[in-house]
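# Structural features, examined
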Amino acid sequence: MSRFLSAISNTKATCHARFEEARPYLSNALMWCVLHGLVALVYFGSALRLAVERLAPSLRPMLLVGSVAQALFLGLVAFVGTLPLAVLLGRRYRFVLPSLTAVGGVLLGLDALVLNALGFHINGLVLAVALQPRALAETGLSPTEMGLLAVAMVALLTVDTAAGIWFLKRGFGPRRVARAVVVLTALCTAERLVNASLVFAHGGAVQHAATTLPLQAPVRMNTLLSRITGRTPASGLRLGVSPEAGAPAATISPESVRFTRRPDIVIVLVESLRDDFFTPEVMPNMWRRAQSGTRFLRHHSAASSTDFSLFSMFFGLEAQRRDAVVGAGRAPLLFPALAHNGYQQAFLAASSVDWMGLKDTVFRDVKGGLRTDYEGRSHVRDAAMVRDAVAFVEATPKDTPLFLFVFFAGTHFDYDYPPRSEVFAPAWNGKGGLSTARVPPEHLKARAWNAAYEVDTKVEELLTRIESVRGTRPMILFTGDHGEEFREHGRVGHASDVTASQLHVPMIMFDEQLPVGQVDAVTGHIDVVSTLFDLLGDTHSPAMLGDGIPMTRPDPQRYLLTTVGWEARYALIGQELKVHFGAGLPGTVITDLSDRPLADGKERFAAEAPRILRRLKGTSDTKLPDSATASDMMP
């Protein structure tokens, strides 16, 4: 026992001695941490500006002042979090603290880049994406850019650490460290309390703006303030129900599916293809073909991210169900049903689906027929995929129906194409993905148009060859996995919002049972499975197949639920009304389908609210008569 007490005494003495060695540096260390916290205002300045612009002008100064307190909080956290090192390291604390604050500063910069690009902070998802196969290719960053970024980070770490070591030797900090820490703590606490009162008075937009900087814990006191003031908290228009409400679709056996028709089926999926790219100038071949097909004018992807979009397309379920459904070990019904009905299948993806686990989820049961390991630039991978698709078609006996899925990559960032498709100019040269912040959006869009022009050429080559080999036109479904923004809302890319730019995609189908023309009704990727089953003659109720309805019998009163996918941000899209809600939105935002605010949005929402709530709960009283068809919705 005496040895134990002696050991404790010696340890305390050692720790005290080391702390005394570090004490002369603590004042400067606090100041150095605070300065690094304030640097966050520079890194996140753009995001802060966008966030406060959503607020009333009278609120903006308070939120901007509050952001200074939030930056001081980051510095306080860095100091307090590293304070135990003073006890453990003694005078070596002077060298270790600057190294850690330098790393923290670099992480703040990276987090700001992610927030500006994607709309959310670095989290487990971002780290998981970074570790995925082909991560650099999928994000559009070249090895050169990554190398330059790494060099810049190392240089910044070196300079910052050296400056910190020098700074800690000088006497710039407050004389009384404990008092300064108490004052900073009180200031940061006051900022959170003021923020909570602003959230109570003005709603969720304040909360969103006040959590722009990292590590800002949301604080709400609505119940307490309601009791004190006798007022109800400002909440805006809220749906009051989870978008996940409603039971999952029933599971049916593939053996029970009976197709009375067995035409060849070709699904052409194009990366990042927004609806307004489908024009006679950008995609002349598919535009010409569309004159003898059926075009769905208001078609939307289920999500603005590929993995969630493909889940909905082939499971026939809303995208926000993905984690629960996949976690339960379920696989799509479509592929085994096709196999049971004699189809020979091939799945070719130049846009890699070895991404976020798609090979083990959506395509789990078809790995033998899946190829997604194409190499090279996007247009080179697309060309190789077309050759493989033609080879599959040529090898399939004519008396065996085929199902072919091809996923073109050329229109993914950085919008790759060969010289033959340099049609639109001036266009961004595709060099330096990080430099796109300085490229005019019209130049980015011109490059994307050229990429779409090239994909259109390859699609025509493939379809012409299929028709030649098989002697007849197959059933064709042509669409995009999601759309793409070109700074219409401040960003380039997708998977960040539920805007029309990211969700509205072309959908053209060719089949002898579909009327030629344009269908002016809301349809979505969740409708693909039920549409295929309907056209092929299966008699199962669409409700047994998933959440979709056949596009052959569109519902003009439906509301289609869409999402970002990996973030809780949603939109319900109706024939004339779009309801945005979820994380980061100031209550519920009502717009038209092009995301333009509606002057009478609240009134229109109030009129539609009962139908919307029934829709979210999985019930509806707005069914079309069985006799209604796509032709009834043609303008």
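Residues numbered from 1 in each chain as written. Predicted model: local features only at pLDDT ≥ 70, side-chain atom pairs only at ≥ 80, totals over all residues. Heavy atoms only, no water.

We now examine the overall build of the protein chain. Helix and strand counts for the protein chain come out as 21 helices and 14 strands. Within the protein chain, buried positions represent 52% of all 635 residues. Considering only contacts in the protein chain between residues 6 or more positions apart, those separated by 24 or more positions represent 75%. (Helix = DSSP H or I, 4+ residues; strand = E, 2+ residues; numbered from the N terminus. Buried < 20%, exposed > 50% of the residue type's maximum accessible area, 1.4 Å probe, protein only. Contact = heavy atoms within 4.5 Å.)

Take the packing of aromatic side chains next. Applying the stated rule across the entire model yields 23 aromatic pairs. When the centroid spacing of 5.2 Å and the interplanar angle of 55° are considered together, the rings of Phe 314 and Phe 335 count as tilted. Note that Phe 314 is positioned in helix H13 (residues 306-315) and Phe 335 in helix H15 (residues 334-340), a separation of 21 residues in sequence. Its relative accessible area of 1% is what places Phe 314 among the buried residues. The buried category is assigned to Phe 335, whose relative accessible area is 3%. Of the aromatic side chains, those joined through ring pairs into one cluster are Phe 277, Phe 413, Tyr 415, Phe 424, Trp 428, Trp 449 and Phe 486. (Phe/Tyr/Trp six-rings, centres within 6.5 Å; stacked < 30°, edge-to-face > 60°.)

Before going further, it helps to spend a moment on the sheet that holds strand S14 (residues 589-591). In any sheet, the strands associate via hydrogen bonds between backbone groups, in a parallel or an antiparallel arrangement. The strand order S11-S12-S13-S14 describes an open sheet built from 4 strands, whose pairing is antiparallel. Lying at the two open borders of the sheet, with one neighbouring strand each, are strand S11 (560-563) and S14. Each strand axis lies, on average, 20° off the axis of its neighbour in the sheet, ignoring direction. (Pairing = 2+ DSSP bridges. Axes fitted to C-alpha atoms, helices over the stretch in contact; angles between N-to-C directions.)

On to the pairing of strand S13 (residues 578-582). Of all the 5 residues making up S13, 4 are buried; the element is thus mostly covered by neighbouring parts of the structure. The pairing of strand S12 (residues 569-573) with S13 spans 5 bridges and is antiparallel. Across the sheet, the residue bridging to Ala 571 is His 580, located in S13. Here S12 folds back onto S13, and the loop between the two strands holds 4 residues. Strand direction decides the pairing type here: S13 and S14, joined by 3 bridges, are antiparallel. Residue pairing for S14: His 580 is matched across the bridge by Val 589.

The next subject is the nonpolar core. Formed by 48 residues in total, the largest nonpolar core has its most connected members in Val 268, Leu 404, Val 406, Phe 408, Val 459 and Phe 478. Looking at which element gives the most residues to this core, the answer is helix H17 (residues 441-470), with 11 residues. Within the second largest apolar cluster, 46 residues are counted, among which are Leu 317, Phe 335, Val 362 and Phe 363. (Core = buried A, V, L, I, M, F, W, Y, C linked by side-chain atoms within 4.5 Å.)

A separate point is the pattern of salt bridges. Taken as a whole and judged by the stated rule, the model has 32 salt bridges. Between Asp 511 and Arg 261 there is a salt bridge, with its nearest N and O atoms 3.1 Å apart. Placement of Asp 511 in the loop between strand S9 (507-510) and strand S10 (517-524) and of Arg 261 in the loop between helix H11 (222-229) and strand S1 (265-270) is noted, with a sequence separation of 250 residues between them. For the pair formed by Asp 511 and Arg 261, the shared burial category is buried. Through salt bridges with shared partners, a single ionic network connects Arg 274, Asp 276, Lys 445 and Glu 488. (Salt bridge = Lys/Arg side-chain N within 4 Å of Asp/Glu carboxyl O.)

Before going further, it helps to examine the pairing of strand S2 (residues 294-300). When you tally the buried positions in S2, you get 6 out of 7 residues, the bulk of the element. As judged from the 2 bridges shared by S2 and S9, these two strands associate in the antiparallel manner. Bridging across to S9, Thr 294 finds its partner in Met 509. Across 6 bridges, S2 lies against S10 in parallel orientation. Note that in S10 the partner of Arg 295 across the bridge is Gln 518.

Moving on to the sheet that holds S1. The 8 strands lie next to each other as S4-S3-S5-S1-S6-S9-S2-S10, forming an open sheet whose pairing is mixed. Looking along the sheet, the strands with just one partner apiece sit at the ends: strand S4 (370-371) and S10. As paired elements, strand S3 (residues 344-349) and strand S5 (residues 402-408) share 6 bridges and run parallel to each other. What sits directly across from Ala 349, in S5, is Phe 407. Sitting on the sheet, H13 is in contact with S1, S5 and strand S6 (475-480), with an inclination near 160° to S5.

For the rest of this paragraph, the subject is the packing of helix H9 (residues 177-202) against H11. H11 packs onto H9 with a crossing angle of 70° between their chain directions and a minimal axis gap of 10 Å. Relative to H11, H9 is oriented roughly perpendicular. Between H9 and H11, the residues in contact are Ala 196, Ser 197 and Phe 200 and Asn 222, Leu 225, Ser 226 and Thr 229, respectively. Its residues placed into classes, the contact of H9 with H11 shows 3 nonpolar, 4 polar and no charged. (Parallel < 35°, antiparallel > 145°, perpendicular 65-115°, else oblique. Nonpolar A, V, L, I, M, F, W, Y, C, P; charged D, E, K, R; others polar.)

As a further point, take the environment of Leu 83. You can see Leu 83 is positioned in the loop between helix H3 (60-82) and helix H4 (84-89). Look at Leu 83 and you get partly exposed, because its relative accessible area is 28%. On a C-alpha basis, the gap between Leu 83 and Ala 22 in space is 9.8 Å, while along the polypeptide they are 61 residues apart.

The subject of this paragraph is the packing of helix H16 (residues 378-395) against H17. H17 packs onto H16 with a crossing angle of 10° between their chain directions and a minimal axis gap of 10 Å. Considered as vectors, H16 and H17 are oriented roughly parallel to each other. For the pair formed by H16 and H17, the contact residues are His 379, Asp 382, Ala 383, Val 386, Ala 389, Val 390, Val 393 and Glu 394 on the first element and Val 455, Lys 458, Glu 461, Leu 462, Arg 465, Ile 466, Val 469 and Arg 470 on the second.

Now for the side chain of Thr 563. Among the structural elements, Thr 563 can be located in strand S11. At 3.1 Å, the side chain of Thr 563 forms a polar contact with the backbone nitrogen of Gly 565. Leave out the neighbours within four places in its chain, and Thr 563 touches Ala 302, Ala 303, Ser 304, Ala 319, Gln 320, Val 498, Leu 503, Arg 569 and Tyr 570. (Polar contact = N/O pair within 3.5 Å; in protein donor to acceptor, adjacent residues only side chain to side chain.)

Just distances and angles here, no functional claims.
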